[in-house]
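# Notes for the structure review
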Amino acid sequence: MHTRALTIHGAAGIGKTALWRSGLDVCRGLGHAVLVARGAMEEMSEPLVTLTDLFEGVDPPTQVLASDTDPIERGRAVLDTLRELSNRSPVIVAIDDAQWIDAVTARSLRYALRRLDGEPIGVLVTSRRGEGGDRLNLASSLPPGRATTVDVGPLSPAELRRLLRTAVAAISPLTFRKVYEVSGGNPLYAIELTRSLRSEERALGIAASFPLPDSLQAVIAARLGQVAGDVLTLIRFASALGPTPLAQLARVLPLTDVEASLGEAEKLDILVVDPDLRVRFAHPLVGSAVYEGMNRLERRALHGHIAAQLDDPDARARHLALSVDAADGEAADALEAAALRAAERGASDLAAELAHHSRRITPGDDQGAANRRALLEVTNVASAGDARRARALIDELAAALPPGPVRAEALIQRFYVENDDVELGDATLLQAFEDSEGHAALRGRVLDIIGWFRGIYRGELARGIQCATKALELAEATHDRRLEMLAGAHLAHMEAMTGKPDTEAMAESIAMASDIGEPALGGGPRAWLAKQRSWAGDLDAAEAAFTELIEALPVTGNELERPYRLYDLALVACARGDFAAAWDHVEAGVTAARDTENSDAEGWMLYPKALVEAWLGETTALETAEQMLTWPGRPSHRLGSARAKAVIGLLAYSRGDTQRAADVLDEAYAAADEMGVRHPGAVPALTDAVIALAAAGRSEEAAAVHDAISGAVASMQEERPSAMLAHAVGVLSLARGEPEDAEESLGAAVAAFDRLGLRPDAARAKLCQGQALLRGGKRTAAAEALSEARQRFFELGAELWVQRAAEDLDRAQPRRVDGMLTTTEAKIAELVAGGARNREIAAALYVSVATVEAHLTRIYRKLEIRSRTELARLVHDGAVSVAVGEAP
């Protein structure tokens, strides 16, 4: 080992200290001696401050801190002390904010570092960009290649959002975007800014002006106090314009020597000019402070001057909105047009802001325009992800409107932003239906939404299809292409759930969506088609489509849909058996749902969460599944009820409780059957009920379920449902005493699942195939199949299923010798011998801590030992054997 150094370099607040502390935790965990000091600007003039922090607690005492030591002797004392400490264990010299260390410390450490080479010593420091430089001269103090600098830049939006979870429970997408813009991705500044907001500001969004916390405002104000004259004028205009081409800045300031003033602002580190000649603030916080430093009249005059100088209608509209206070019909028209353009390109937050200002300055005698602009504002506030604010706005508007088509439009919007009150959503749509009388196209829109609500949320597919059919007829009669697109897609999707997918109808809706765009609120044809592809077994196409839809959200602006698409991706990952990816999607989806205060979406995320937990054998799986049944809005949700009970049944089956599994999965099937669902890809409980009932010896009930769904599956001619039915038929044949027929059906199911990449389904079918072979007396082939099934489950991390396969393998190949460990048990024994704790072992093997503890109990019993120490000794002595024929 050689002496090495790592410098974590970056701007103030960028996260250097957090990384530094994390590194120290790792070093301490490895048993290294860690000498710690933290520099401070006010202590730079005090000699020995940093050396005292580093060496004061060293035992035995050292000459490093002697007050009468000359510089050379002190440097030698530092060198000797570090060498002595490194003889006992590796040493880490850790200094935070090294730019502030005092001169005596810097000189002494440089002396020692130049003379270190092969010692196990590391130097871990942080230094702030632009202040003090590298006072230790690490690159020249150590041999070449031994000093590394990591430049820490701003966090990405996704990274910063994850960090803010530690500061606040939720933050609206609009507010977060403003925090990110002003903080420049700096985590410290972002946290300070977020904490400075009231809870309602975090939830409902913030004004264009962004108040800074006093702790940051004071620092920036001191720097701005040096600015006056043309430079002050320049930075004020820059704060109102945002990052701006130099030519445009010169255009709005024709009487100012922009280049000369810009040079002065650059010297003060207030403004910078990028290579593309765009002028921006050195840090966005400075720009916010400049803007906040002006009073309202100054800001209004500034924006009015800018608006008069700009030709671009959208840029002009933004400044116009901030310069007009009184009613102004012409300005209101211009702002509405700009809001529509912004909405069309997916800039929902900007569209909402412009629509708000347009409504604000609409003349009082133009109520029609005011209502239209209010609806435009609500739509874009909701699309941007501020559902709570949208609900407040629409409730205020709807309460002020008389019955009629305008109120119907408002109530439609109210339904889209409803959270979890199913009864209120139902009543809202019925009122909108009454208000739409005499307006065919509007009535068609309401009928389409009622159909979707009734079919999917209420679980009344027949009624939903009836409403969607009528809506499609009205769309065609009124030549409303957008309604035709949506009603056609909704109708095709609900019919697919009944086992009658209409690929041509979906293709027509997709084509129309490509021409006219998908809806501003709610899902669209591409999302429904992706779901159907997943149900059919084309996971690659489904995943690509969902990913594309998520990536397009910044363009479409429909943030309310993010958690639903993450839900879809989580289910695709579950189907693949990639439970780690599924969990990531669940966490991201819950965050997105909470950010938009969308309890409905958060409730949907419980399903993939419960699936992951059930497959991995987590003790929380049952609790999560039961939470699905009691989540607000879910008790009357038949589809959600069927999926919750399907998870409970799957968990019971994996634990070997076939009677419980049969009872619950039969209930899940009944809920799906009551809806009219016949597509197993949409609700796997349809075929899982057959499997569980047959395994529990209830063949007649299993056959009845099979007969109810087999016709629809056959007519669909889709590979995933066919494979799921083949799996169910195989288990039913086995229950009837027909092992050869069962073996054939199950083999076909395994092959189909493997082709489709449905790893969990393939592993389950393989287990059943092994059981059929064993029942047919083919013990060798059964052992091979069961061993393969066990291996498949192990690779998935499905520990409960591993145990089930192991039990069947014992019956097929009872050659395990007492005292011999399974491969899994042997792996756990090796990890224990290596010093791993139970939680670390669980993480390494993708199982729960409880599973590790159960394995250890069996290991102790087999080996007739009582402690981890005895187990480690046996492993080190080579006395642990693995049972013959065992698969991992």
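Residues numbered from 1 in each chain as written. Predicted model: local features only at pLDDT ≥ 70, side-chain atom pairs only at ≥ 80, totals over all residues. Heavy atoms only, no water.

The number of helices and strands found in the chain is 47 helices and eight strands. Seen along its three principal axes, the alpha-carbon backbone of the chain occupies a region of about 90 × 90 × 40 Å. Taking all contacts inside the chain whose residues are at least 6 apart in sequence as the whole, residues at least 24 apart take part in 67%. Surface summary for the chain: the accessible area is close to 37,500 Å², and the carbon and sulfur share equals 51%. Of note, the chain has its 96 positive side-chain charges centred 3 Å away from the centre of its 128 negative side-chain charges. (Helix = DSSP H or I, 4+ residues; strand = E, 2+ residues; numbered from the N terminus. Contact = heavy atoms within 4.5 Å. Areas by Shrake-Rupley, 256 points an atom, 1.4 Å probe, with all protein chains shown as cover. Lys, Arg positive; Asp, Glu negative; His and termini not counted. Charge placed at Lys NZ, Arg CZ, Asp CG, Glu CD.)

The next point concerns the sheet that holds strand S1 (residues 4-10). Across a sheet, strands are paired by hydrogen bonds formed along the backbone, either parallel or antiparallel in direction. Pairing is parallel in the open sheet, where five strands are placed in the order S2-S3-S4-S1-S5. Both outer strands of the open sheet, strand S2 (33-38) and strand S5 (147-152), are each paired with one neighbouring strand and no more. Neighbour-to-neighbour, the strand axes of the sheet open up by a mean angle of 15°, direction not taken into account. Summarising the sheet, S1 and S5 pair through six bridges and their orientation is parallel. (Pairing = 2+ DSSP bridges. Axes fitted to C-alpha atoms, helices over the stretch in contact; angles between N-to-C directions.)

Considering all chains together, one arrives at 43 salt bridges under this definition. Residue Asp515 is joined to Arg481 by a salt bridge in which the shortest nitrogen-to-oxygen separation is 3.6 Å. Taken as a pair, Asp515 in helix H26 (residues 503-516) and Arg481 in helix H25 (residues 481-497) lie far apart in primary sequence, 34 residues in all. Accessibility expressed as a relative area gives 57% for Asp515, which makes it exposed. For Arg764, the salt bridge is made with Asp688, and the minimal N-O distance between the two is 3.1 Å. Here Asp688 lies in helix H37 (residues 685-695) and Arg764 lies in helix H41 (residues 759-775), a separation of 76 residues in the sequence. Overall, the relative accessible area of 12% leaves Asp688 in the buried class. Through salt bridges with shared partners, a single ionic network connects Asp333, Glu336, Arg372 and Arg373. (Salt bridge = Lys/Arg side-chain N within 4 Å of Asp/Glu carboxyl O. Buried < 20%, exposed > 50% of the residue type's maximum accessible area, 1.4 Å probe, protein only.)

Judged by pairing direction, the sheet is antiparallel, and its three strands sit side by side in the order S6-S8-S7 without closing on themselves. Across the chains shown, the open sheet's two edge strands, defined by having one partner strand only, are strand S6 (244-245) and strand S7 (271-273). Inspection of the sheet shows S6 paired to strand S8 (residues 278-281) by two bridges, in the antiparallel sense. In the sheet register, Pro245 faces S8, and the bridge partner there is Arg278.

Let us now look at the pairing of strand S4 (residues 121-128). By the criterion of burial, S4 is predominantly enclosed, with seven of the eight residues buried. Sheet topology places S1 next to S4; seven bridges connect them, and they run parallel. The residue bridging Thr7 from the neighbouring strand is Val125, located in S4. Sheet analysis places strand S3 (residues 91-96) next to S4, joined by five bridges and oriented parallel. Opposite Ile95, over in S4, you have Val125 as the bridge partner.

Residues other than glycine seldom take positive phi values, yet His479 does so here, at roughly 55°. As for its placement among the helices and strands, His479 is situated in the loop between helix H24 (461-478) and H25. The class of His479 is exposed, set by a relative accessible area of 68%. The residue Gln717 is not glycine, and still its phi comes out positive at about 55°. Take Gln717: it is sitting in the loop between helix H38 (699-716) and helix H39 (719-735).

So, about the packing of aromatic side chains. In total, this model carries 10 aromatic pairs according to the counting rule given. Ring centres 6.0 Å apart and planes at 20° place the aromatic pair Phe579 and Trp615 in the stacked group. Placement of Phe579 in helix H31 (residues 579-595) and of Trp615 in helix H33 (residues 606-615) is noted, with a sequence separation of 36 residues between them. Here the two residues Phe579 and Trp615 agree in accessibility, since each one is buried. With 5.4 Å between their ring centres and 25° between their planes, Phe793 and Trp801 make a pair best called stacked. Summarising the burial analysis for this pair, Phe793 and Trp801 share the class buried. Chaining the aromatic ring pairs together yields one cluster made of Phe415, Phe453, Tyr457, Tyr567 and Trp604. The aromatic ring of Phe433 is capped on one face by Arg443, whose charged end is 3.8 Å from the ring centroid. Lying across the ring of Tyr653, Arg804 places its NZ or CZ 4.8 Å from the centre. (Phe/Tyr/Trp six-rings, centres within 6.5 Å; stacked < 30°, edge-to-face > 60°. Lys NZ or Arg CZ within 6 Å of the ring centre and 35° of its normal.)

Taking 1.5 Å as the rise per residue, H38 with 18 residues should run 26 Å; its terminal C-alpha atoms sit 25 Å apart, in good agreement. The largest bend along H38 measures about 35° and falls at Ile709. The complete set of buried residues in H38 reads Ser699, Ala702, Ala703, Val705, His706, Ile709, Ser710, Ala712, Val713 and Met716. For H38, the secondary structure elements touched by its buried residues are helix H36 (658-675), H37 and H39. The positive-phi residue at the C-terminal boundary of H38 is Gln717, with phi of around 55°. (Expected span 1.5 Å × (residues − 1). Bend = angle between axes of the 7 residues up to and from the residue.)

Remember that the coordinates give geometry; whether it matters functionally is a separate question.
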